[in-house]
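Letter by letter, the chains look like this.
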Amino acid sequence: MATKAADMLIARRADTRARADFATWKMLAKLNGASALPAAAQGFLVSYRQLLEKMTEAEASEATIQLMYRSYYAEMGGSGTPPEIPSRASEPVTDTGNVTAFRRPAVKQKPAASRPQAKPRLPVALIFACLVVVYVGIRYYWR
């Protein structure tokens, strides 16, 4: 039987949602926050713990995700049995050798002044004195 494109789209969304929700719920359970989860989430976690007693963690996780996927598929309006979504097996990362290690850039030193001493700045007192002279001059001019 051919699967409609709409059902395949629903299937992909349901699978993505199931995987994301399961990872979130599993982390909350590890942090002792499972009691705050909805009843459906707690039910899925209980079935996950039961499956853990019978199989490995990876197999129990995948079985729980498939159970959640079927539930989400029906909830999202998929018709019939949910289509098979190929599992996302993580392939080992191979070192291609094209990654450059991060290195801090060399610290650039400021260029030395051509003269032994740089030009001294105007002292603050001199600037203040000039401002006072300008102010007094303006006040005297307006009278």
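See the structure shown above.
In this report, we go over the structure that sits alongside the text. (Residues numbered from 1 in each chain as written. Predicted model: local features only at pLDDT ≥ 70, side-chain atom pairs only at ≥ 80, totals over all residues. Heavy atoms only, no water.)

What follows is about the packing of helix 1 (residues 5-30) against helix 3 (residues 57-75). At a minimum axis distance of 8 Å, the contact between helix 1 and helix 3 shows a crossing angle of 130 degrees. When the axis of helix 1 is compared with that of helix 3, the two are oblique. Relative to helix 3, the crossing made by helix 1 is right-handed. Residues D7, I10, A11, A14, D15, R17, A18, R19, D21, F22, W25 and K26 of helix 1 touch helix 3, and the partners they reach there are E57, S61, E62, T64, I65, Q66, M68, Y69, Y72, Y73 and E75. Among the residues making up the contact of helix 1 with helix 3, the classes are represented as 11 nonpolar, three polar and nine charged. (Axes fitted to C-alpha atoms, helices over the stretch in contact; angles between N-to-C directions. Helix = DSSP H or I, 4+ residues; strand = E, 2+ residues; numbered from the N terminus. Parallel < 35°, antiparallel > 145°, perpendicular 65-115°, else oblique. Left-handed = near helix turned anticlockwise from the far one by under 90°. Contact = heavy atoms within 4.5 Å. Nonpolar A, V, L, I, M, F, W, Y, C, P; charged D, E, K, R; others polar.)

It is worth spelling out the nonpolar core at this point. Residues A18, W25, L37, L45, M68, Y69 and Y72 are the most contacted members of the largest nonpolar core, which totals 20 residues. The element that contributes the greatest number of residues to this core is helix 1, accounting for seven residues. For L37, the residues in contact, after removing those within four places along its chain, are W25, L28, Q42 and L45. (Core = buried A, V, L, I, M, F, W, Y, C linked by side-chain atoms within 4.5 Å. Buried < 20%, exposed > 50% of the residue type's maximum accessible area, 1.4 Å probe, protein only.)

In this structure, R13 sits in helix 1. Overall, the relative accessible area of 47% leaves R13 in the partly exposed class. It is 8.8 Å that separates the C-alpha atoms of R13 and Y72, two residues lying 59 residues apart in sequence.

A few words on the packing of aromatic side chains. What the rule picks out here adds up to four aromatic pairs. Between F22 and Y48, the ring centres sit 5.1 Å apart and the planes meet at 75 degrees, which makes this aromatic pair edge-to-face. Here F22 is found in helix 1, whereas its partner Y48 is found in helix 2 (residues 39-54), with 26 residues between them in sequence. Overall, the relative accessible area of 4% leaves F22 in the buried class. Between the aromatic rings of W25 and F44, the centroid separation amounts to 6.1 Å while the plane-to-plane angle is 15 degrees, which identifies the pairing as stacked. Of this pair, W25 sits in helix 1 while F44 sits in helix 2, and the two are 19 residues apart along the sequence. For the pair shown, W25 and F44 are each scored as buried. (Phe/Tyr/Trp six-rings, centres within 6.5 Å; stacked < 30°, edge-to-face > 60°.)

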